[in-house]
Amino acid sequence: MPERSFDGLHVAMIMDGNGRWAQARGWPRLAGHRAGAETVRRMVEAAPGLGIGTLTLYAFSADNWKRPQDEVAGLFRLFARYMRQEADKLRRQGVKFEVIGRRDRLPGPLVSLIEETEAATSAGSRLRLRVAVDYSSREAILRAAASGARDRASFHAALGPDVDLLIRTSGEQRLSDFLLWECAYAEFSFLDVAWPDLTESGVRAALDDFRARDRRFGAVHPARVQALR
Ligand code: FPP
């Protein structure tokens, strides 16, 4: 089936800084992830009004299994709670919820909840919300190749839409195995704010800056071609 098109930009977000945000307050890291889940709610609600058609959030990387077991379990509880509490609202708001990444290593009840939430919101056409869980971009590219992708169009179909703007919070300036293929021509915005403190106006400012950039995709701006003649 051809991919449904969602009007608007594809914005990807690396939700970094939950742990530091909590530790700075003398709280356990999980308190930071809980506050981070509130930011997820805010971002999803704000996205359509900001001109975002697809929002991809990096929630749990394939390398995050290296974290302490209780943090991993706590994160999975937060994902489950988010889906249980938000599924109905997402459906009413026209949000199509999807999870990208491996599912075979996730707890069975979490996988069932993911499948139920995806089914319940499958008709959404206002915002495509993709949450990356047990995700590695290198693995996704290898899987696409193993399933027969041989050219740009088939990799694109297997992996997902190109990213327009990637936002990473908390000062770190790296991609961490996230959407490597899809970010070929993405613009980047590294914000100094921790994920729990990210606001709608912070994202609006990043988008204003993005819209003022000159995206040439390797070509020369027409005005400059004129100037050379
Ligand atoms: C990275 O910050 C954040 C994560 C690995 C988890 C992101 C998860 C959430 C925001 C919770 C809920 C998500 C959903 C989809 C409901 P970090 O903890 O590595 O920060 P640090 O670098 O300060 O330690």
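Let us look at the structure shown here. Quantities reported herein were computed from a predicted structural model and do not represent experimental measurements. (Residues numbered from 1 in each chain as written. Predicted model: local features only at pLDDT ≥ 70, side-chain atom pairs only at ≥ 80, totals over all residues. Heavy atoms only, no water.)

1. Looking at the layout of surface pockets
Using a probe with the size of a water molecule, rolled over the atoms, empty space left in the structure can be pinpointed. In this structure, the largest pocket occupies an estimated 790 Å³ of space. Lining the largest pocket are 37 residues; nearest its centre among them are M15, Y58, A59, F60 and N64. Every element with two or more residues in the lining of the largest pocket is listed here: α1 (18–23), α2 (29–46), β2 (52–61), α3 (69–92), β3 (95–100), α4 (108–120) and β4 (127–135). (1 Å grid on protein atoms, 1.4 Å probe; cavity = no way out; pocket = protein on both sides within 12 Å on 5 of 7 lines; lining within 4 Å. Points joined across faces, edges and corners; volume = space filled by probe spheres on them. Helix = DSSP H or I, 4+ residues; strand = E, 2+ residues; numbered from the N terminus.)

2. Notes on the site of the ligand
Taken together, 18 residues form the shell around the ligand, and within it M15, R20, R29, H33 and R67 come nearest. Between the ligand and R20, the relevant distance is 2.7 Å, taken from an oxygen atom to a main-chain nitrogen or oxygen of the residue. Note that an oxygen atom of the ligand is positioned 2.6 Å from one of the side-chain N or O atoms of R67. Elements represented by at least two residues in the shell around the ligand include exactly α1, α2 and α3. Broken down by element, the shell around the ligand gets its largest block of residues, 4 residues, from α2. (Near = heavy atom within 4 Å. Polar contact = N/O pair within 3.5 Å; in protein donor to acceptor, adjacent residues only side chain to side chain.)

3. Section: the pairing of β4
Of all 9 residues in β4, 9 are buried; the element is thus mostly enclosed. Taken together, the 7 bridges between β2 and β4 define a ladder with parallel strand orientation. If you follow L57 over to β4, its bridge partner there is V131. Relative to β4, β3 runs parallel, the two being bridged by 6 bridges. What sits directly across from V95, in β4, is L127. (Buried < 20%, exposed > 50% of the residue type's maximum accessible area, 1.4 Å probe, protein only. Pairing = 2+ DSSP bridges.)

4. Some words on the packing of aromatic side chains
In this structure the tally under the stated criterion is 11 aromatic pairs. Seen in terms of ring centroids, F188 and F190 are 6.0 Å apart; in terms of plane orientation they differ by 15°. Their pairing is stacked. Every member of this aromatic cluster is reached through a ring pair, and the members are F60, W65, F76 and F79. (Phe/Tyr/Trp six-rings, centres within 6.5 Å; stacked < 30°, edge-to-face > 60°.)

5. Overview of α4
Taking 1.5 Å of rise per residue, the 13 residues of α4 would be expected to cover 18 Å, and the 18 Å separating its terminal C-alpha atoms lies within 8% of that figure. Within α4 the residues assigned to the buried category are L110, V111, L113, I114, T117 and E118. The arc that holds every buried residue of α4, seen down its axis, measures 160°, which confines them to one face. Facing away from the buried surface of α4 by more than 90 degrees, the exposed residues are P109 and A119. Those residues of α4 that are buried are in contact with α3 and β3. (Expected span 1.5 Å × (residues − 1). Arc of directions from axis to C-beta. Contact = heavy atoms within 4.5 Å.)

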